[in-house]
Amino acid sequence: MLHELLFALSGYTGDVFVRVPVDPSVPSKTFAMAADFPLVHATEREALNRLAHLGWIYHALASFIEAVQQRDPTAGYAVYMQAYASSLAHVLYEYQALLADLETRLIQEQEHTGPVSKRAVSLALLTSTLGRWELTLPALLRVTEKAKQLDRHQEKLLDLLTDQVRTGIPEVHDATTRILHQLHHVFYRQIMAWIVYGQLPTQNDHRFFIIRDKTTANGNATNTNSTNTAWTSQYKLAADRLPKHFPLPLAESIFYIGKVVATTQEELPVELKDAHLRQLANVFQTTSQHTSWDQQRVLIEKTVRSIRQSITTWLSTRVFQQEQYQLPRFFESFRDLFLVGDGDLAVQWLQDLERIDAAAVSATMTVDNDTMLKKRPQKQEESTNAEENDEFWPHAAREWGALLVKAAATAHDDDDRMMDRLDMLLVRDSYVFEVTPGFSPFSDLLDTSVPCHLVYKLAWPMDLFLSPKDIQQYSYLWSFLIALKKVQQALAHAFVDKDRLSVSLASPAQGSTTQNDAFSAHDERAERLIWRLRSWMLFWVDTLWSHLQADVVTSHYDTLLQVCQEATVDIDKLRQAHTQYLSDLMQGCLLSSEDATHAVLALFQSCMAFRRWLQQHTQHQWHPHKRKRHGSNTKKESTAAKIVQSWVEPTAPPPPWLNQLLEMEESFIAQSRHLFDLLLQQPQPIKNSGFLDRLLTRLDYNNWYSDTRLTRVLQE
């Protein structure tokens, strides 16, 4: 009986103790004494069955360990599950050793009591000897059953064991603590490999909280909406894989250190790696199963903080101090190109673009080495041939890039900035134009059929903290600011080409002096309306342009440069500062408010509509230096009869073009008033980022909007 019991406790069945249920096709639930076994009291049978159940639990745990250790590598290595199974096996070694010792004592009859002829082993002795495991094995089985459910999320084993450690049963606490310590050992080794060498575990299912982005690693991440950079495209922090007890700031610091090591093109010095390795090894060796997690966390945080400081110092002194990698140089380029800070360059590019666009309206262009002739589409909405656009747009984007290079070469003939711009545009080929239909509503203001926008091709080290989403925001800001510059130039040069109402030349029949005078009066009124509307439009556009460049862009740009010029450049800190910088620019340029964006766009469209109206209805007589009156060059004589006749005879009705001019004026006044009211109603964060109090003060010059003066002027 004793040998059969020891056999059952070791996880095997026989003739006395059998599996329940007996049917082998049904999973067993326990080991128990055979129902037909005679001469056993019910109380003894219950006690023996309780001991046999321990054998069944041991068998279930041993089967789980064997299944994990013999898992097919192609199905996944499951490093945390392997560690759990290994540490569980170490705990069960003590149970196996206890059974072996008990069997030895039973063979030697060390535990037998009673008369020599009837010496026997007390059932109470066996129960008390195995009492510890009656508490431990069921708890381990429950934990293991839960662990099986985490096979696809094995990193959650750390959370599971952490919860099980919090128990009032010392035996269960000791066993689960030992298993948790082994899992932490694997976890710490992964951290050490990442911090020192920037390497992830080779297993595909390592379930470390730092992962590799497979899409970008395969070169498939081309979406400009992505927030990926070289700093984030190859590696990501999977916060859902973090143990609950592991602080996120600590994980972010670990992530930062490994990313610097893994993504920088310059190899980290060997002596620095060795120093980091020694620091981490000392910390992880001192963290034993008898050390509380709070104590371990304090030691790890202190070490990681020290390593991060040394990494940041090395990055600042060895990388960003090199001339070709100095951050202010890159941000100055963004300031001049994306944010149109280089006004001469922007004006030159717009003029060249307008010239080639005007020249190509009715012309044809050669495509594919003169094998096909394709007519240039007039407007984006008018072009319905998708194949034609696919062939023409890439060529036009390259043409825009060539114009930008030409403008950079001619805008600063005697300026060192020219060489820097040419280095960015030609040598590095960093700035290019991309075609994205519907990217920005301001693109149509360029009067072109090509929906192009400026982009920057990310390269090291800028891709450490800049993402495609950041470049997309820069491109959107560029489309807005270059459109604003286009409107400003269009209004400023409104009288360069055609300046006199052409319809006014269609005067009435010769000889009608009164009608000629009437039309001359309409011309004089139109002249006043044109100059007044143009001055209002220019006032708005010039005020908005100077405000955005002098107050919004410059102020936030100076704040960003302060971070770049610190002694040690922390990439995470720089990334946060740059993200805030772009957010402030979007708010300051009123692009974060949909209503304000639509209002500004409508204002720009009205200005460009006015410019087109002038181009269609004017000739060389509205220019301030070329004004001429209709009729003869001699001075008209006004007599009393003629004056009275002009009062009596009906005045000629105003021509249609004059009504159009009045409608444009009324529309612009309404739009500007609406935009002014929207600016007043903007949330405080947008007002702060955009310094709207200054803009509103300038726009309300001489109480133009706050007083009734605008109404009086319109009534005159």
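None of the values given here were measured: they were computed from a predicted structure.

K.L.:
Quick one: what's the story with the packing of helix H7 (residues 170-197) against helix H11 (residues 293-318), residue by residue and with numbers?
P.N.:
As a packed pair, H7 and H11 sit with axes 13 Å apart at the nearest point and diverge in direction by 5°. Judged by the inter-axis angle, H7 sits roughly parallel to H11. Contacts from His184, Tyr188 and Ile195 of H7 reach H11 at Trp293, Gln296, Ile300, Val304 and Ile307. For the contact of H7 with H11, the residue count by class is six nonpolar, two polar and no charged.

K.L.:
So what's going on with helix H21 (residues 656-681)? Residues and values would help.
P.N.:
Taking 1.5 Å of rise per residue, 26 residues should cover 38 Å, and H21 covers 38 Å from first to last C-alpha, within 8% of that figure. Among the residues of H21, those classed as buried are Trp657, Leu658, Leu661, Met664, Glu665, Phe668, Ile669, Ser672, Leu675, Phe676, Leu678 and Leu679.

K.L.:
Tell me what's going on with the packing of aromatic side chains, and back it up with residues and numbers.
P.N.:
Applying the stated criterion across every chain, the model contains 30 aromatic pairs. Ring centres of phenylalanine 334 and tyrosine 456 lie 4.9 Å apart, and the angle between their planes is 70°; this geometry places the pair in the edge-to-face category. With a gap of 122 residues between them, phenylalanine 334 in helix H12 (residues 327-337) and tyrosine 456 in strand E8 (residues 452-456) connect regions that are remote in the sequence. Both residues of the pair, phenylalanine 334 and tyrosine 456, count as buried. Aromatic rings pair up to connect Phe187, Tyr188, Phe208, Phe209, Phe246 and Phe284 into one cluster. A cation sits over an aromatic face here: arginine 308 above tyrosine 256, 4.1 Å from the ring centre.

K.L.:
Lay out the packing of helix H1 (residues 2-9) against helix H3 (residues 79-107) with the relevant residues and their values.
P.N.:
Remark: H1 packs on H3, axes separated minimally by 11 Å, with the N-to-C direction vectors making an angle of 170°. With respect to H3, the element H1 is oriented roughly antiparallel. In contact with Leu2, His3, Leu6 and Leu9 of H1, H3 contributes Tyr95, Leu99, Leu102, Glu103, Leu106 and Ile107. Taken together, the residues of the contact of H1 with H3 sort by class into eight nonpolar, one polar and one charged.

K.L.:
Now, about helix H23 (residues 692-699): what can you tell me, with residues and values included?
P.N.:
Within H23, the full set of buried residues consists of Leu692, Leu695, Leu696 and Leu699. For H23, the arc enclosing every buried residue in end-on projection is 95°, short of the 170-degree limit, so these residues lie on one face. Residues of H23 that are exposed and point more than 90 degrees away from the buried face comprise Asp693 and Thr697.

K.L.:
Requested: an account of the pattern of salt bridges, with residues and values cited.
P.N.:
Applying the stated criterion across every chain yields a total of 15 salt bridges. Ionic pairing is found between lysine 148 and glutamate 145, a salt bridge with its closest N-O pair at 3.5 Å. Within this pair, lysine 148 and its partner glutamate 145 are both found in helix H5 (residues 131-148), separated by three residues, close to a single helical turn. For lysine 148, a relative accessible area of 41% puts it in the partly exposed group.

K.L.:
Go over the confidence of the model for the protein with me, naming the residues and quoting the values.
P.N.:
In low-pLDDT segments, the atomic positions of the prediction should not be examined closely. With 73% of its residues at a pLDDT of 70 or more, the protein has an overall mean of 77. Low pLDDT, under 50, characterises residues 620-635; the stretch is placed with 30 contacts to residues that sit more than four places away or in other chains.

K.L.:
Account for the environment of tyrosine 581, naming residues and giving values.
P.N.:
Tracing the sequence through the fold places tyrosine 581 in helix H18 (residues 571-588). Separated by 24 residues in the primary sequence, tyrosine 581 and tyrosine 557 place their C-alpha atoms 7.4 Å from one another. Once residues within four sequence positions are removed from consideration, tyrosine 581 is found in contact with Leu339, Tyr474, His556, Tyr557 and Leu560.

K.L.:
Quick one: what's the story with unusual backbone geometry, residue by residue and with numbers?
P.N.:
Put simply, valine 20 and proline 21 share a cis peptide bond, and its omega is 0°. Checked against the element boundaries, proline 21 lands in the loop between strand E1 (17-20) and strand E2 (30-33). The backbone phi angle of valine 340 is positive, close to 55°, even though this residue is not glycine. By the secondary structure assignment, valine 340 is in the loop between H12 and helix H13 (343-359). According to the relative accessible area criterion, valine 340 is buried, its value standing at 2%. Unlike most non-glycine residues, leucine 590 shows phi in positive territory, near 65°. Within the secondary structure layout, leucine 590 lies in the loop between H18 and helix H19 (594-617).

Rules behind the numbers
Residues numbered from 1 in each chain as written. Predicted model: local features only at pLDDT ≥ 70, side-chain atom pairs only at ≥ 80, totals over all residues. Heavy atoms only, no water. Axes fitted to C-alpha atoms, helices over the stretch in contact; angles between N-to-C directions. Helix = DSSP H or I, 4+ residues; strand = E, 2+ residues; numbered from the N terminus. Parallel < 35°, antiparallel > 145°, perpendicular 65-115°, else oblique. Contact = heavy atoms within 4.5 Å. Nonpolar A, V, L, I, M, F, W, Y, C, P; charged D, E, K, R; others polar. Expected span 1.5 Å × (residues − 1). Buried < 20%, exposed > 50% of the residue type's maximum accessible area, 1.4 Å probe, protein only. Phe/Tyr/Trp six-rings, centres within 6.5 Å; stacked < 30°, edge-to-face > 60°. Lys NZ or Arg CZ within 6 Å of the ring centre and 35° of its normal. Arc of directions from axis to C-beta. Salt bridge = Lys/Arg side-chain N within 4 Å of Asp/Glu carboxyl O. pLDDT = per-residue confidence, 0-100.

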